[in-house]
Amino acid sequence: MKYVDEFRDPAKARALVKEITALYEKIPAAHQGPLQLMEFCGGHTHTIFRYGIEQLLPDWIELVHGPGCPVCVLPMGRVDDCVALAERPDVIFTTFGDAMRVPGSKKSLLQAKAEGADVRMVYSPMDALQLAKKHPDRQVIFFALGFETTMPSTALTVLQAEREGIENFSLFCNHITTVPTIKAILDSPDMRIDGFLAPGHVSMVVGEQPFQFVAQHYHRPIVITGFEPLDILQSIWMLLRQMADGRCEVENQYARVVASRGNTAGLQAIAQVFELREFFEWRGLGSIDHSGVRMRPEYARFDAEQKFSVPNLRITDPKSCQCGEVLKGAIRPWQCKVFGTGCTPETPMGALMVSSEGACAAYYNFGDLQELLQRREKEVVHA
Amino acid sequence: MCLGIPGQIVELIDPENMMAKVEVAGVKRPVNIACIVDEAHPPEACVGDWVLVHVGFAMSRIDHEEAERTLEILAELGDLQEEQAAMQEGAR
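Residues numbered from 1 in each chain as written. Chains lettered and ligands numbered in written order. Predicted model: local features only at pLDDT ≥ 70, side-chain atom pairs only at ≥ 80, totals over all residues.

1. Focus on the nonpolar core
Thinking step 1. If you look at the biggest cluster of nonpolar residues, it comprises 150 residues, and the most contacted ones within it are Ala86(A), Phe93(A) and Ala58(B).
Thinking step 2. Summarising the domain contributions, this core has at least three residues from each of domain 1 (66–316) and domain 2 (323–382) of chain A.
Thinking step 3. Setting aside chain neighbours within four positions, we find Ala58(B) in contact with Val22(B), Val31(B), Asn32(B), Ile33(B), Cys35(B), Ile36(B), Val51(B) and Val53(B). (Core = buried A, V, L, I, M, F, W, Y, C linked by C-beta atoms within 7 Å. Buried ≥ 20, exposed ≤ 12 C-beta atoms within 10 Å, placed from the backbone. Domains from an automatic or database assignment. Contact = placed C-beta atoms within 7 Å.)

2. With respect to the sheet that holds strand β1 (residues 35–41) of chain A
Sheet strands associate in pairs through backbone hydrogen bonding, adopting either a parallel or an antiparallel arrangement.
Residue and element names in this part refer to chain A.
Thinking step 1. One open sheet accounts for five strands, arranged β2-β1-β7-β8-β9; its pairing is parallel. In this open sheet, the two strands that pair with only one neighbour each are β2 (61–68) and β9 (250–252). Neighbour-to-neighbour, the strand axes of the sheet open up by a mean angle of 25°, direction not taken into account.
Thinking step 2. Pairing geometry for β1 and strand β7 (residues 195–199), over three bridges, is parallel. Bridging across to β7, Met38 finds its partner in Phe196. (Pairing = 2+ DSSP bridges. Helix = DSSP H or I, 4+ residues; strand = E, 2+ residues; numbered from the N terminus. Axes fitted to C-alpha atoms, helices over the stretch in contact; angles between N-to-C directions.)

3. Thoughts on the environment of Met191(A)
Residues and elements named next belong to chain A.
Thinking step 1. By the secondary structure assignment, Met191 is in the loop between α8 (179–187) and β7.
Thinking step 2. Residue class for Met191 comes out partly exposed when judged on the 15 C-beta atoms lying within 10 Å of it.
Thinking step 3. As a C-alpha pair, Met191 and Gln36 span 155 residues in sequence and 9.5 Å in three-dimensional space.
Thinking step 4. Filtering out sequence-adjacent residues up to four positions away, Met191 remains in contact with Ile185, Lys328 and Gly329.

4. Structural notes on the interface of chain A and chain B
Thinking step 1. Taken together, the contact pairs 33 residues of chain A with 24 residues of chain B.
Thinking step 2. Those elements giving two or more residues to the side of chain A that touches chain B turn out to be α2 (42–50), α6 (125–134), α7 (151–164), α9 (200–206) and α12 (264–273) of chain A.
Thinking step 3. Of the residues in the side of chain A that touches chain B, the class split is 14 nonpolar, 13 polar and six charged. (Nonpolar A, V, L, I, M, F, W, Y, C, P; charged D, E, K, R; others polar.)

5. Some thoughts on α2(A)
All names here are of chain A.
Thinking step 1. Of all nine residues that make up α2, nine are buried, and the element is covered over most of its length.
Thinking step 2. The complete set of buried residues in α2 reads Gly42, Gly43, His44, Thr45, His46, Thr47, Ile48, Phe49 and Arg50.
Thinking step 3. In the segment just after α2, Gly52 is the residue with positive phi, at about 60°.

6. Re the sheet that holds strand β4 (residues 119–121) of chain A
All names here are of chain A.
Thinking step 1. Taken together, four strands build an open sheet; the order of strands is β4-β3-β5-β6 and the sheet is parallel. Whereas interior strands pair on both sides, the edge strands pair on one side only; in this sheet they are β4 and β6 (169–175). Pairs of neighbouring strands in the sheet enclose a mean axial angle of 25°, with direction left out of account.
Thinking step 2. Pairing between strand β3 (residues 91–95) and β4: three bridges, direction parallel. In the strand pairing of β4, Phe93 is matched with Val119.
Thinking step 3. Across the sheet, α6 touches β3, β5 (139–146) and β6, and the angle it forms with β5 is around 175°.

7. Description of the domain arrangement of chain A
All names here are of chain A.
Thinking step 1. Under the domain assignment, chain A is made up of domain 1 (66–316) and domain 2 (323–382).
Thinking step 2. If you average the C-alpha positions of domain 1 and of domain 2, the two centres end up 24 Å apart.
Thinking step 3. Contacts between the two partners involve 16 residues from domain 1 and, on the opposite side, 13 residues from domain 2.

Written as structure tokens, this is what we have:
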């Protein structure tokens, strides 16, 4: 095994792979064609590529890399809205670093900054609030991004701004929700996912209960998973065990961090500040019902969307970009027409190439680029 | 953003606003501890805790061994330096 020596406990990794391989006989569905297991979270995708986990698995298991990278699924129109807000002369626009290079229809935040907009990278929404205190004459907007993992942090920051009466601070809220998105994936006619690795740190906030519908209504096993390579192997094994036993349950492999009820204080803060949107637009996946949150009317004065006018235009993705098909597992990243040629981490066309958690960037950085491009060439010739 | 980084709470800065100083791989910065505090575990009890920090908020208490392991993984993934640099930037 090529990569297993890099694992913290290579013997355990080998044993897990052996047990996984042995389960084939007990899973009839695996005999009909490869089982598709989706890791939802971009953090998992990153670990899977870094440690070459796909290469360790038998060929009757296929990992589908899900849409769980908030930067990757941000539609271009939203980036344009960020740029429009950032270019207002009275505004200091603050963002996590990984959103800086996401292309909008005309430019990224990084380009807007180069042209003179006051865009600043921050590590935490609390840092944005500090900036607002330091610059009472400016409007400080924080670009709130991420799944449930980061929602408590922005909600608590807004609550602190309210407590301290800081009126020149607001959120441009682009938080997205995990559960409706998994539901949309399960409802989509062109997908055939046999089991899910649920995101560990989203679960740390929301707990186990919100994932019950996957097992109960859709009859798919789902395992809450940690971020070490051994965690991922163990969770795959747990998923397969459920299939072999004919069970569909929510299991928690990451109990050392995830409490079954989630994080009570975090959930309270979320419920106080945010409410579900009717729908939210995703890059590549289109509009998904209830898949985003906005700020409750009581917090309108901290809501950049209500405080300032944003263009809020829908921009279609470039035609040659196939992020959508990749996100749905319909094609592999290297099968996209522009992968590694028109679209690279230095000059990304699609969002999946922007963040190191995106499936395309992962293939680009950890795969054998020349070999992948040759494989694509051959397929085009045969098609 | 979603991986988080382990650190140890070294002192309380502002218990009313739930702010504490957390040392993360040698870098100290203020971190909000509202999500790991409850009646059974008030802010005063948090000093010495190992926690998983996401974007400046302690989101979960973890044990020391888990913290060490996660730091190793982050270093291997190449995410540790990036995260540290971002934290230092924000601490200024």
